[in-house]
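Next come the chains, spelled out residue by residue.
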Amino acid sequence: VSAITNAEDKASEPGKIDAVAVVENTAADAITARSKGFDSKSFVGGFTGILPCASCPGIETTIEFKADGYYNLSETHMGEGKGPQNADGTWTVEEDGKVVRLDPSDRAEPDRVYAIVSKDEITMLDSGGNPAESRLDYSLKRTASKK
């Protein structure tokens, strides 16, 4: 959130404030900033699946997209006996609603990019934003909503 400070100093009469501009920049604003008509409300929700893993049978992955522009990510490497690894951050839609980018809160972690196949499916892309050159399934499907 940003605001003009010292508005009282800028007023035409001492002790009075002519105007104060408050600008709120939220993660939710970024969802639609680059998406030209993308319906973020219908996209919000969970996506889950098992992504390929080089050192294990697969990575159980769940992403929960929230309406406020934030996400939660949970990944469990199958067969390793460890609990899930969790991450969070903000999400934005790019390329006219064709791509969703996860920007993690942990700055040491790279962004993740997914192609939006439909309102019910996303597919993980490589770091360059390209589909994986593999026949393996990199898709996550929408989870049933909890009511």
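Residues numbered from 1 in each chain as written. Predicted model: local features only at pLDDT ≥ 70, side-chain atom pairs only at ≥ 80, totals over all residues. Heavy atoms only, no water.

A. Representation of the overall build of the protein chain within the structure. Of regular secondary structure, the protein chain possesses two helices and 10 strands. Of the regular secondary structure in the protein chain, the N- to C-terminal order runs β-β-α-α-β-β-β-β-β-β-β-β. The buried share of the protein chain, reckoned over its 147 residues, is 29%. Looking at the protein chain as shown, the accessible area adds up to about 9,600 Å², and 49% of this sits on carbon and sulfur atoms. (Helix = DSSP H or I, 4+ residues; strand = E, 2+ residues; numbered from the N terminus. Buried < 20%, exposed > 50% of the residue type's maximum accessible area, 1.4 Å probe, protein only. Areas by Shrake-Rupley, 256 points an atom, 1.4 Å probe, with all protein chains shown as cover.)

B. Seen up close, the packing of aromatic side chains. Counted under the stated rule, the structure contains five aromatic pairs. Geometrically, the ring pair formed by F43 and F47 is tilted, given 5.2 Å between the ring centres and 35° between the ring planes. Classification of F43 as buried rests on a relative accessible area of 2%. Owing to a relative accessible area of 0%, F47 belongs among the buried residues under this scheme. Measuring from ring centre to ring centre gives 5.7 Å for F47 and F65, while their planes differ by 80°; the resulting arrangement is edge-to-face. (Phe/Tyr/Trp six-rings, centres within 6.5 Å; stacked < 30°, edge-to-face > 60°.)

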